[in-house]
Amino acid sequence: MSRAHDLVSRLTQQILLGTYAPGDRLPSENTLVRDHAISRTVVREALSKLQASGLVETRHGIGTFVIERQAQSGLRVAPESAASVRDLLELRLGLEGQAAALAALRRDERQLAQMRQALDDYQDLAAAGDSCIEADRRFHLLIAEATGNLYFGEMMAHLGKALIPRNRIAQAERAGARLARHAYLANLEHEAILNAIRRQDPDAARAAMCLHLSNSRDRLVPD
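Please read these numbers as outputs of a predicted model, since none were measured by experiment. (Residues numbered from 1 in each chain as written. Predicted model: local features only at pLDDT ≥ 70, side-chain atom pairs only at ≥ 80, totals over all residues. Heavy atoms only, no water.)

A. Representation of the overall build of the protein in the model. Along the protein, the regular secondary structure elements total nine helices and two strands. Scanning the protein from its N terminus toward the C terminus, one meets helices and strands in the order α-α-α-β-β-α-α-α-α-α-α. When each of the 223 residues of the protein is scored for burial, the buried share is 43%. A separation of at least 24 residues holds for 74% of the contacts in the protein among residues at least 6 apart in sequence. Counting every atom, the protein has about 11,500 Å² of accessible surface; 50% of that belongs to carbon and sulfur. (Helix = DSSP H or I, 4+ residues; strand = E, 2+ residues; numbered from the N terminus. Buried < 20%, exposed > 50% of the residue type's maximum accessible area, 1.4 Å probe, protein only. Contact = heavy atoms within 4.5 Å. Areas by Shrake-Rupley, 256 points an atom, 1.4 Å probe, with all protein chains shown as cover.)

Dropping the structure here:
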């Protein structure tokens, strides 16, 4: 992987994760050169690729800014229903199983720390009875980032809020569901995924992710 591609991938994932929101200015060329130990030529190549992808715009003499992403055609998320949740989870089984395996091979210590923080936040929110959906989504997006392949992040970001199934099941369809219990079980599965990624065991990471998504499907969309 070229150094420019590596920087493009990292900045793209940070934009998709919301670290840099629309309107935010990216770090200066000098900062990127220093922080990533790369040449100014590499930085300029990476910023040029980000601009070509429609994620940023460069304002002469001011800096490079994240721009609002245009609505995309293509994949359409179905109306909220148990059936659509089942279908999305089946899609995610293939996508995220492979993402977890690649993340186990390619993750770095920074990414592991961010995943750990996401799960700590999840646990704190769940214990307080608050929504842990965003922490859950952040954990899955961080795994996509750790693949080093920006298309995983693009696909996950395109799913948006549909990424977390309990956010999409209509209230009438989940009435009486023990969502707190579901959150507890899901986080045990998250821990297994993170442990496999930490051990750099791709087969275990894939298996843990597939088990998590299969269990999520069974918990939220019972037969």
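B. Molecular detail of the packing of helix α5 (residues 109-127) against helix α6 (residues 133-146). Orientation of α5 relative to α6, taken along the N-to-C sense of each, is 165 degrees, at an axis distance of 8 Å. Comparing their axes, α6 and α5 come out roughly antiparallel. Helix-helix and strand crossings are classified by hand; for α5 and α6 the assignment is left-handed. Here R110, Q111, Q114, M115, Q117, A118, L119, D121, Y122 and L125 of α5 lie close against α6, whose contacting residues are A135, D136, R138, F139, L142, I143, E145 and A146. Tallied by class, the residues present in the contact of α5 with α6 amount to 10 nonpolar, three polar and five charged. (Axes fitted to C-alpha atoms, helices over the stretch in contact; angles between N-to-C directions. Parallel < 35°, antiparallel > 145°, perpendicular 65-115°, else oblique. Left-handed = near helix turned anticlockwise from the far one by under 90°. Nonpolar A, V, L, I, M, F, W, Y, C, P; charged D, E, K, R; others polar.)

C. Region of interest: the environment of Q13. Tracing the chain through its elements places Q13 in helix α1 (residues 3-17). In this structure Q13 comes out as buried when scored by relative accessible area, which is 2%. Sequence spacing of Q13 and A144 is 131 residues, and the spatial spacing of their C-alpha atoms is 8.4 Å. The residues contacting Q13, other than those within four sequence positions of it, are A144, E145, N149, L150 and G153.

D. Local environment of the environment of S39. Along the chain, the position of S39 falls in the loop between α2 (29-36) and α3 (40-52). S39 sits in the partly exposed class, given a relative accessible area of 35%. In this structure, the C-alpha to C-alpha distance between S39 and E29, residues 10 residues apart in sequence, is 9.4 Å. A polar atom in the side chain of S39 sits 3.2 Å from the backbone nitrogen of V42. (Polar contact = N/O pair within 3.5 Å; in protein donor to acceptor, adjacent residues only side chain to side chain.)

E. Geometry of the nonpolar core. Ranked by size, the top nonpolar core spans 28 residues in total, and within it M115, F139, I143, I193 and I197 carry the most contacts. Within the residue set of this core, elements represented by two or more residues are α4 (82-106), α5, α6, α7 (150-159), α8 (179-198) and α9 (202-220). A total of eight residues in this core trace back to one element, the largest contributor, which is α4. Ignoring sequence-local partners within four residues, the contact set of I143 consists of A99, A100, A103, M115, I193, I197 and M209. A4, V8, Y20 and L47 belong to the second largest nonpolar core, which has 18 residues in total. (Core = buried A, V, L, I, M, F, W, Y, C linked by side-chain atoms within 4.5 Å.)

F. View of α6. When the terminal C-alpha atoms of α6 are compared, their 20 Å separation across 14 residues agrees well with the 20 Å that a helix rising 1.5 Å per residue should span. For α6, the complete set of buried residues consists of I133, A135, D136, R137, F139, H140, L141, L142, I143, A144, E145 and A146. (Expected span 1.5 Å × (residues − 1).)

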